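# A look at the structure
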Amino acid sequence: MDHSNTSYAVEADHLVKAFGKERAVDGISLKVPKGVVYGFLGPNGAGKTTMIRMLATLLKPTEGQAKVMGYDLAKEADEVRQSISLTGQFASVDEEISGRENLIFIGRLVGFSRKEAKQRADELLAAFNLEDAAKRQVKKYSGGMRRRIDIAASIITSPELLFLDEPTTGLDPRSRNEVWTVIRALVKNGTTVFLTTQYLEEADQLADLIGVIDRGVLIAEGTSAELKSSIGVRSLIIEFEDERDLNKAESIFEGMFTQTPEVDRGRLSISVTMKDQSKAAKAIGELANHQIAVKDFSMQQPSLDDVFLTITGKPAKEKGGEANGE
Amino acid sequence: MENNSLEKSIKLEKRPPKASPMSAALTFAWRALLRIRYVPEQLFDVTVFPIIFLLMFTYLFGGAISGSTGEYLDFVLPGILVMTVAMITMYTGLDLNKDIEKGVFDRFRSLPIWQPAVLVGALLVDVVRYSLAATIMITLGYILGFRAEAGFSGIVLAVLVILFFSFSLSWIWTMLGIVVRSEKALMAISMMLLFPLTFLSSVFVDPSTMPNWLQHFVDINPITFVVDASRGLIHGYDVTSELLIITYISVGLIAVFGTLTMYFFRNKN
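Just so it is clear, the model here is predicted, and its values are computed rather than measured. (Residues numbered from 1 in each chain as written. Chains lettered and ligands numbered in written order. Predicted model: local features only at pLDDT ≥ 70, side-chain atom pairs only at ≥ 80, totals over all residues. Heavy atoms only, no water.)

This part takes up the overall build of chain A. Helix and strand counts for chain A stand at 11 helices and 14 strands. Here chain A holds 326 residues, and 53% of them are scored as buried. Taking as baseline every contact in chain A between residues at least 6 positions apart, the subset at least 24 positions apart corresponds to 69%. On chain A, roughly 14500 Å² of surface is accessible, and the fraction owed to carbon and sulfur atoms is 45%. Counting 42 positive and 49 negative side-chain charges, chain A places the centres of these two groups 5 Å from one another. (Helix = DSSP H or I, 4+ residues; strand = E, 2+ residues; numbered from the N terminus. Buried < 20%, exposed > 50% of the residue type's maximum accessible area, 1.4 Å probe, protein only. Contact = heavy atoms within 4.5 Å. Areas by Shrake-Rupley, 256 points an atom, 1.4 Å probe, with all protein chains shown as cover. Lys, Arg positive; Asp, Glu negative; His and termini not counted. Charge placed at Lys NZ, Arg CZ, Asp CG, Glu CD.)

For the structure shown, the criterion picks out 24 salt bridges over all chains. The closest approach of N and O atoms between A:Arg23 and A:Asp26, which form a salt bridge, is 2.7 Å. Residue classification places A:Asp26 among the partly exposed residues on the basis of a relative accessible area of 31%. Residue A:Arg265 is joined to A:Glu250 by a salt bridge in which the shortest nitrogen-to-oxygen separation is 3.0 Å. Of the two residues, A:Arg265 is situated in the loop between β12 (262-264) and β13 (269-274) and A:Glu250 in helix α9 (residues 243-253); the sequence distance between them amounts to 15 residues. You can call A:Arg265 partly exposed: its relative accessible area is 40%. Given a relative accessible area of 30%, A:Glu250 falls into the partly exposed group. One network of salt bridges, in which partners are shared, links A:Asp94, B:Arg31, B:Arg35 and B:Asp99. (Salt bridge = Lys/Arg side-chain N within 4 Å of Asp/Glu carboxyl O.)

Below, the discussion takes up helix α8 (residues 224-231) of chain A. Every α-helix winds through 3.6 residues per turn, so residues three or four apart in the chain are directed the same way. All names here are of chain A. Taken as a whole, α8 has its buried residues at Ser224, Leu227, Lys228 and Ile231. Buried positions in α8, seen along its axis, are confined to an arc of 95 degrees and lie on one side of it. Away from the buried face of α8 by more than 90 degrees, exposed residues Ala225, Ser229 and Ser230 are located. (Arc of directions from axis to C-beta.)

What follows concerns the UniProt feature "transmembrane region" (unreviewed entry) in chain B. Residues and elements named next belong to chain B. UniProt records the feature "transmembrane region" (unreviewed entry) at residues 43-63, 75-96, 117-144, 150-173, 185-205 and 243-265, using the numbering of this structure. The distance from the first to the last C-alpha atom of residues 75-96 is 35 Å, and the span holds 100% helix and 0% strand. With 96% helix and 0% strand, residues 150-173 has its two end C-alpha atoms placed 33 Å apart. (UniProt positions renumbered as here; feature names shortened; annotations may be inferred.)

Turning to unusual backbone geometry, a few remarks are in order. Residues and elements named next belong to chain A. Phi is positive for Thr57, which is not a glycine, with a value near 70 degrees. Positive phi, close to 60 degrees, is recorded for Asn129, a residue that is not glycine. Examined against the element boundaries, Asn129 turns out to sit in the loop between α4 (114-127) and α5 (143-154). Using a relative accessible area of 45% as the deciding quantity, one classes Asn129 as partly exposed.

With that settled, consider the interface of chain B and chain A. Bring the parts together and some accessible area is lost; that lost area is often taken as the interface size. Between chain B and chain A, the contact holds 42 residues from the first and 55 residues from the second. Summed over both sides, the interface of chain B with chain A buries roughly 4300 Å², with 57% coming from carbon and sulfur. Counting the contacts that link chain B with chain A gives six salt bridges. Here A:Glu101 and B:Arg37 are joined by a salt bridge, their closest N and O atoms 3.0 Å apart. Connecting chain B to chain A are 12 residue pairs in polar contact (both at pLDDT 80 or more). Elements with a contribution of two residues or more to the side of chain B that touches chain A: α1 (3-10), α2 (21-38) and α5 (104-109) of chain B. Within the side of chain B that touches chain A, the residues separate by chemical class into 18 nonpolar, nine polar and 15 charged. (Buried area = accessible area lost by both parts, 1.4 Å probe. Polar contact = N/O pair within 3.5 Å; in protein donor to acceptor, adjacent residues only side chain to side chain. Nonpolar A, V, L, I, M, F, W, Y, C, P; charged D, E, K, R; others polar.)

Structure follows, in structure tokens:
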């Protein structure tokens, strides 16, 4: 078998993981091409962590099968482990020992000699801007530093595929940007990244391909642009000078669109969602015909929030509490 | 963050060869030692515990059982040595149980290493901890007037037997440490097993003074064999048959509970 032949980093075929009666992952099939960032997007408790844990050989699937870097998850677990690295949702380093010791420790485990492990540790500490904290216990690190040492430990051997489980949850914007920088640098060097996130913005920013998961089921998949256009909804927002114009516009638009326009009296604006963009020009033209002054208008791309809302019929953040055994 | 050094560090020219099982286990042992360096209080159970045990039982029972504490010390020290080390093995499971809760275990399990190394490394350090406990007790015993008739070599042999048995016993706790969900429950189960096992043995008194039904239990209790063997090695009488039985029991414990431990370790949810 030539494993380098496959062009997919992950090929999952109907993976199921049941805990008792609950099916945390309920038949997910997906393909992740090599060299991309795959964003696994979903609310808390959707099954993201369970999926990652199965793909990283930590959980045995109840049903289904998968290939990771061309290796069969069930039969070639050791080969899979050779090609992947995992950064879990909670610190995947030993918090009781220092950052440098952690890196040397993992370095030794993956087969470096003592000297090489130390060299590699120092190299990574420098690259991740952690030199000053090298000798401190990890439990004394800030959230951002912890994430960085975590990812540094994951790339000691430059894995072909890196799993990141909610890499920026709980981080401040600056630390989050640092983590994003690291992820982008990894991808640039050919690593495939499979990350889970609850943040729509994160998936939008980083991921080449996004899978939307809800209650253990993959409900949509595609690039950020594809997902948005598959929803097909764009909003035309028109602002008016005064309420009189607003009211007139409201009556003109009545019956013109499939969806009833939303009127915001505070902002003196109307927003209309539409599938066909040419309708926007028609709407503006219609207003001009009636001599209604338009203060401003704009077309808005749907956000991933809209995507989630449209597919699941509810906002992304509504569901479940923290750590409910995902 | 400097992008140049970051990108350079990401590119690794060559992967090192896979670490040998031995090297992986020793690396885990090294980690456990590092942890002790940061939190030396972790050694309380192998330092203070043995001292309290030895003093307490010698002076509590000595007069009543042997007429004098001096004579009793010679009898009871090998027994308490076994009892203390057997009791300490419980902490192996407790530490493991705490460790597993943290994310770092996920990383270990996703590394391309000889998986038992995680546990073997921890147990190797535990053997060092047990030796520390034994050394402290024997030293204190000597200060209190204990004398080994077979001399130093007898003591060393006895300690080696105790360490070997304790290492095998530890696999019960590693298994429970993985399976049992809460630390409290684990503590309760361990105590429930260890108390009868250590007290209902030949540690404190000669079994011939016990009622018949109890003697039957004491006679098949593995702790009794280890205690009798240690006594024999320390005071210089033949314990070949005991040593043979201990070997069977220990190998059996490792085979059964080592296998179960690794099974649960691999299949943990």
